[in-house]
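An overview of the molecular structure
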Amino acid sequence: MRYLRENMMRTWFPAQYFLVALTLASCSPSAAPPSGTPPNAMAPTPLPASQIPQFVDPLPLLAVAGGTIETITAPSATLSMCEFKATVMPSTFAPTSSTYSGTYVWGYRNGSTCPGSGTPLSTYIGPVLVSTRGTPTEIQYINSLPNTAASRLSAWKTSTDQTLSWADPLNSEANRCAGAVVENQPPYGGCASNYAGPVPTIPHLHGGEVPPVLDGGPDAWFTSDGTYRGHSYYSKAGTVPNGAIYRYPNKQEAAPLWFHDHALGVTRLNVYAGLAGIYLITDPALTLPAGLHPIGLRQGAGGSIDHVTPLVIQDRMFDTTGQLYFPNMGPNPEHPFWMMEFFGDTNVVNGKVWPYLNVEARRYRFLLINGSNARTYELSLSGQPLWQIATDGGYLDKPVRLGKLTVMPGERADIMIDFSGLAGQTLILENHGRTPFPNGAPPDAATAGRILQFRVGPSTLAGADASYNLAQGDALRPPMRRLVNPATGMLTVAPSKTRQLTLNDMMGSGGMGMVRLLINNTKASGTRADGTARTDFTAVTVGGVTEYMSEASAEGETEVWEIVNLTADAHPIHIHLTPVQVLNRQRIDLGMYKMAYDMAFPSGASMFGDGPPLTYLPSAASGSKHGGNPDIQPYLDGPIQLPEINEAGWKDTVIAYPGQVTRIAVRFAPTDTAAGVARNYSFDPDAGGHGFVWHCHILDHEDNDMMRPYKITAARGAARTYVMGVDY
Ligand SMILES: [Cu+2]
């Protein structure tokens, strides 16, 4: 197999997914079943979002705020991954041919048992773990999910695609189907079928400063039957066979993390099914300004606590019976069931379709998480400002006032809204993000363009609102350590090296869309498209599996990564372990650069999947940058663009826009380390040899190779206080 072409043009638009699904997914005799599925399989029929009632039920809230989302403050917990029913659809939803008694979902449940089949739960989101900086949290994760035959979720029955590089649990991760892919040819035999067997899962603590074996990386999965494990599987001693015990160090600064599944090649399905929770790190040593509470607001000194309201926003599709629907019409024959991006027509918040929230005419705090597979939200609230106080990696120095808030999958925004003066009004949190982002079609204003309805009542406070005063704008924290000056777009530290890395996609020659997306034109495994190894990559073998690494960094050092997006869409780039700071962005002359890029390959034409065109190490042609790409410098088009005002903090997921270079400062050290100071992690970042990954957080992309492993060389002789085999 050898991919020869690369293409920046898109010919397949997401709206077509829905049309095709509507056309082909019904059970009419003329509708040919997708290859590999049993011919008698009755495909579910999608339910148009316009037929789903809106703003019928209240938003699920935290248990500590009187709601149903479990809140765990203890430093240890058992979380079981379970299949159960939840009332995702509005209570007024009435299917024509059946009765609705809940939607089958997957979720993390507090405890070692799963909910019974009786009364459906009110949400699948959660739990919310509140951890304390300096006190480790030990979690036993248990995979109690049914196998594919017993599961009631259609996504796992009809959308697994064995032609992707994936966990492949029944074949010891051999991935023979992925290895047998031929361009523009459908797979045959078992490769043309959906997977059948136990479900691999691995919870990833997104934004966690954790040792590599606790990262929950894509190769550390384990199955529900306790029989199969990925080669990077790890657990503290004492786990059940179908589980893993992770003891997180919680040494990092206060930050709103979340956790979700990350199993190789099936992350899009596991997260779609519902595996997502929240993990808040609070810091007792951090003095917050008046009126702010570590997990909410406070009505003055010693006053009552208003807990933060999470808003986990996800787009979904449903079938006519109210069950989750996930299309499986791959646009290319190579990958019969994989789609480039899933865009649902219905918005779900905290596990509830289009909920409403009663608020009083005063200030509130919300933690927004884009938990969607691929949808970008551009949020606005009828002209009311959204005040952001924290980003992925923790508090900003001061709040920023936004008229519009853009969040791509994986990103978080800790925001405040002041409803004072709005009593009696009804406001809708709207979405204007195009699909694909940023140049695709605008969302339907009546469906995907709506998120949540606020119903504002009068304030019941005895006196004035004494929560954190946005207009006053007191500092949210002692000034954070800066690697960049966001006001100038310039570095404040000298980097040890600069990497210039590309985002690539390839259109199928016979299909109607991308067949694969890559980081730096390199497959996740690091081998060339034909399976041979590059001599400029480093072979790393863990658990008998060899990967070829290219991003190898030294603990404590600061690097600049220039992400050159050669695709037509924006990609949210997520780096595990360490948050980064956005340096700046700059437009590039894409056409001219692409010509130079293609010609730089040894053959004079782009070799998709073979890695970068030049040798990875710095050269004159690369502008002395690492990465193996022709220097972007001569193709820059226009001045640098400063980071957005809400990017003036630590980010673990950064938007890389098409036709631009996005520059980030990456330092492999705790975020509160002063510039120029040598300080290491409390743990050995190379212990176990697994390394970390960095990837696109569009789940459909990361499932199809838009991910690379990276490795950190541990500082020599560093004192470690959190030791593998002792502390975790
Ligand atoms: Cu992507």
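Residues numbered from 1 in each chain as written. Predicted model: local features only at pLDDT ≥ 70, side-chain atom pairs only at ≥ 80, totals over all residues. Heavy atoms only, no water.

1. What to know about the overall build of the chain
- A count of helical and extended segments in the chain gives six helices and 42 strands.
- For 728 residues, the compact-globule estimate of 2.2 N^0.38 gives 27 Å, and the C-alpha radius of gyration of the chain, at 24 Å, lies within 12% of that figure.
- Principal-axis analysis of the C-alpha atoms gives the chain an extent of 75 × 70 × 55 Å.
- Look at the contacts in the chain between residues 6 or more apart in sequence, and 79% of them connect residues 24 or more apart.
- Working note: accessible area of the chain is about 24,100 Å², and carbon and sulfur atoms make up 54% of it.
- Positive and negative charge centroids in the chain, built from 49 and 59 side chains respectively, lie 3 Å apart. (Helix = DSSP H or I, 4+ residues; strand = E, 2+ residues; numbered from the N terminus. Rg over C-alpha atoms; globule rule 2.2 N^0.38 Å. Contact = heavy atoms within 4.5 Å. Areas by Shrake-Rupley, 256 points an atom, 1.4 Å probe, with all protein chains shown as cover. Lys, Arg positive; Asp, Glu negative; His and termini not counted. Charge placed at Lys NZ, Arg CZ, Asp CG, Glu CD.)

2. Focus: the coordination of the copper ion
- Summarising the metal site, the copper ion is bound by the protein donors His571 (ND1), Cys696 (SG) and His701 (ND1), whose distances to it range over 2.0 to 2.1 Å.
- All donors to the copper ion come from one chain, and their sequence spacing reads H-x124-C-x4-H. With His571 in strand E37 (residues 571–575) and Cys696 in strand E41 (residues 692–696), the pair connects residues that are 125 residues apart, well separated along the chain.
- With relative accessibility at 0%, the residue Cys696 sits in the buried group. (Donors = N, O, S within 2.8 Å, 3.2 Å for Na, K, Ca; no water. Buried < 20%, exposed > 50% of the residue type's maximum accessible area, 1.4 Å probe, protein only.)

3. Digging into the sheet that holds strand E35 (residues 551–554)
- The five strands are arranged E35-E42-E41-E37-E39 in an open sheet whose pairing can be described as mixed. Both edges of this open sheet fall to E35 and strand E39 (653–656), since each of them pairs with a single strand only. Neighbour to neighbour, the strand axes of the sheet diverge by 25 degrees on average, direction disregarded.
- Pairing analysis gives four bridges linking E35 to strand E42 (residues 707–713), with the strands arranged parallel. Residue Ala554 lies in a different strand from E42, and its bridge partner there is Thr713. (Pairing = 2+ DSSP bridges. Axes fitted to C-alpha atoms, helices over the stretch in contact; angles between N-to-C directions.)

4. With respect to the environment of Thr135
- When you line up the elements, Thr135 lands in the loop between strand E5 (128–132) and strand E6 (137–143).
- Under the relative-accessibility criterion, Thr135 is labelled partly exposed at 36%.
- For Thr135 and Pro75, which are 60 residues apart along the polypeptide, the C-alpha to C-alpha distance reads 7.3 Å.

5. Digging into the pairing of strand E8 (residues 203–206)
- What you see with E8 is no split at all: Pro203 and Leu205 on one side and His204 and His206 on the other are buried throughout.
- Inspection of the sheet shows E8 paired to strand E11 (residues 255–261) by four bridges, in the antiparallel sense. Bridged to His204 within E11 is His260.

6. Describing the side chain of Glu551
- Position of Glu551 relative to the elements: it lies in strand E35.
- At 4.3 Å, Arg708 is the nearest oppositely charged side chain to Glu551, a buried residue that forms no salt bridge.
- Within the structure, the side chain of Glu551 is placed 3.1 Å from the side chain of Ser550, a separation counted as a polar contact.
- Separated by 3.1 Å, the side chains of Glu551 and Trp694 make a polar contact.
- If we skip the residues at most four places from it in the chain, Glu551 touches Arg499, Leu501, Trp561, Tyr616, Trp694, Arg708, Pro709, Tyr710 and Lys711. (Salt bridge = Lys/Arg side-chain N within 4 Å of Asp/Glu carboxyl O. Polar contact = N/O pair within 3.5 Å; in protein donor to acceptor, adjacent residues only side chain to side chain.)

7. Brief notes about the nonpolar core
- Counting 123 residues, the largest nonpolar core has Val88, Tyr141, Tyr248, Tyr279, Trp561 and Trp694 as the members making the most contacts within it.
- Excluding residues within four positions of it along the chain, Trp561 makes contact with Arg499, Leu501, Glu551, Ser553, Ile575, Thr662, Arg663, Ile664, Val666, Phe668 and Trp694.
- In this structure, Ile313, Val359, Phe366 and Leu470 belong to the second largest nonpolar core, which totals 43 residues. (Core = buried A, V, L, I, M, F, W, Y, C linked by side-chain atoms within 4.5 Å.)

8. So, the domain arrangement of the chain
- For the chain, the domain assignment lists domain 1 (51–289) and domain 2 (484–713).
- Together, the buried faces of domain 1 and domain 2 total about 2,600 Å²; carbon and sulfur atoms form 56% of this surface.
- Its largest share of buried area at the contact with domain 2, domain 1 owes to Glu209, Pro212 and His231, together 23% of the area lost on that side.
- Taken together, the connections running from domain 1 to domain 2 amount to two salt bridges. (Domains from an automatic or database assignment. Buried area = accessible area lost by both parts, 1.4 Å probe.)

9. Observations concerning the state of the cysteines
- Tallied over the entire structure, the rule returns two disulfides.
- Here the disulfide map of the chain reads 1-2, 3-4, the bonded cysteines being numbered as they appear in the sequence. (Disulfide = S-S within 2.5 Å.)

10. Description of the pairing of strand E33 (residues 538–542)
- Summarising the sheet, E33 and strand E34 (residues 545–549) pair through five bridges and their orientation is antiparallel. Residue pairing in the sheet places Thr541 in a bridge with Thr546 of E34.

11. Structural notes on the sheet that holds strand E15 (residues 305–307)
- Strand order across the open sheet formed by three strands is E13-E14-E15, with antiparallel pairing between neighbours. Taken across any chain shown, the strands that pair with only one partner, and hence form the sheet edges, are strand E13 (292–293) and E15.
- Taken together, the two bridges between E13 and strand E14 (residues 296–298) define a ladder with antiparallel strand orientation. Counterpart to His293 in the pairing with E14 is Gly296.

12. As for helix H5 (residues 590–599)
- Listing the buried residues of H5 in full gives Leu590, Tyr593, Lys594, Ala596 and Tyr597. Burial along H5 is one-sided: seen end-on, the buried residues are contained in an arc of 165 degrees.
- Buried positions along H5 lie against strand E31 (497–507) and strand E36 (558–565). (Arc of directions from axis to C-beta.)

13. Examining the pattern of salt bridges
- Tallied over the entire structure, the rule returns 33 salt bridges.
- Asp465 is the salt-bridge partner of Arg363, the closest N and O atoms lying 3.7 Å from each other. Within this pair, whereas Arg363 is found in strand E21 (residues 363–370), its partner Asp465 is found in the loop between strand E28 (450–457) and strand E29 (484–485), the two being separated by 102 residues in sequence. A single burial state applies to Arg363 and to Asp465, both of which are buried.

14. Comments concerning unusual backbone geometry
- A cis geometry characterises the amide bond from Thr435 onward to Pro436, with omega recorded as -15 degrees.
- Its place among the elements puts Pro436 in the loop between strand E27 (426–431) and E28.
- Of note, the bond from Phe437 into Pro438 is cis; its omega dihedral lies within 30 degrees of zero at 0 degrees.
- Here Pro438 lies in the loop between E27 and E28.
- Here Phe55, not a glycine, exhibits a phi torsion of approximately 55 degrees, which is positive.
- Even without being a glycine, Asn250 presents a positive backbone phi close to 55 degrees.

15. Points about the environment of Met707
- Along the chain, Met707 turns up in strand E42.
- C-alpha of Met707 to C-alpha of Ala524: the two residues are 183 residues apart in sequence and 5.4 Å apart in space.
- Ignoring any residue separated from it by four or fewer positions in sequence, one finds Met707 in contact with Pro218, His262, Leu264, Ile519, Lys523, Ala524, Val693, Trp694, His695 and Glu702.

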